[in-house]
Amino acid sequence: ASSTTEGLLLTLMGTQAQDAPTRHGAEVQLAQLSVQHGFGLALLELLLSDRVDQQMRQLAAVLCRQYIDAHWSREKQNFQEPEVSDEHKLHMRAALLNALTLEHSKLRTAASMAIASVAKEDFPDLWPDLIPQLLKMLPA
């Protein structure tokens, strides 16, 4: 994992701390990280890592969906800067599809909700191969 991802994991863990000052500091740090280029990819890296605790992976998935809802498209009413770059969108779509194969159903559910958020904005014009990719994942 990259140092960015490891730092993000420590921040996520801090948001779950019992100690209020620690938790508050981590929440402030998370808010700062959430507007940095690559935040969504870092969340997905945590989600896909089998070396990360399931609770933190699930939190990363939920935050990723929130990030997508806020930063994916300028056309959305609740859009917040910065917009996810086209290159990152490409990588995030692929990572979300990979997350559908994860072992834990809660992680797959969270990934599917994030995919639905992306599909609402991008399908079919910007994600024309979504359905063929999903069909390939179905067991024969």
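The structure contained in this document is the topic of the report that follows.

Next up on the list: the overall build of the protein chain. Each helix and strand counted, the protein chain has seven helices and zero strands in total. Along the protein chain, helices (α) and strands (β) appear in the sequence α-α-α-α-α-α-α when read from the amino end. Its C-alpha atoms give the protein chain a radius of gyration of 15 Å, near enough to 14 Å, the size a compact globule of 140 residues would have. Each principal axis of the C-alpha atoms in the protein chain carries an extent, and together these give about 50 × 35 × 25 Å. Looking at the protein chain as a whole, 41% of its 140 residues qualify as buried. Long-range contacts, defined here as pairs at least 24 residues apart, represent 55% of the contacts in the protein chain between residues at least 6 apart. When the accessible area of the protein chain is evaluated, it comes to approximately 8100 Å², of which 54% is carbon and sulfur surface. Charge centroids of the protein chain, computed over 12 positive and 17 negative side chains, lie 6 Å from each other.

A few words now on the packing of aromatic side chains. Using the criterion set out here, one finds one aromatic pair in the structure. Seen from their ring centres, Phe39 and Tyr67 are 5.5 Å apart, and the 65° between their planes marks the pair as edge-to-face. Residue Phe39 is located in helix 3 (residues 39-48), and its partner Tyr67 is located in helix 4 (residues 54-71); the two are separated by 28 residues in the primary sequence. Each member of the pair, Phe39 as well as Tyr67, is classed as buried.

Here is what the cut-offs are and how they apply
Residues numbered from 1 in each chain as written. Predicted model: local features only at pLDDT ≥ 70, side-chain atom pairs only at ≥ 80, totals over all residues. Heavy atoms only, no water. Helix = DSSP H or I, 4+ residues; strand = E, 2+ residues; numbered from the N terminus. Rg over C-alpha atoms; globule rule 2.2 N^0.38 Å. Buried < 20%, exposed > 50% of the residue type's maximum accessible area, 1.4 Å probe, protein only. Contact = heavy atoms within 4.5 Å. Areas by Shrake-Rupley, 256 points an atom, 1.4 Å probe, with all protein chains shown as cover. Lys, Arg positive; Asp, Glu negative; His and termini not counted. Charge placed at Lys NZ, Arg CZ, Asp CG, Glu CD. Phe/Tyr/Trp six-rings, centres within 6.5 Å; stacked < 30°, edge-to-face > 60°.

The values reported here are purely geometric and, on their own, carry no functional implication.
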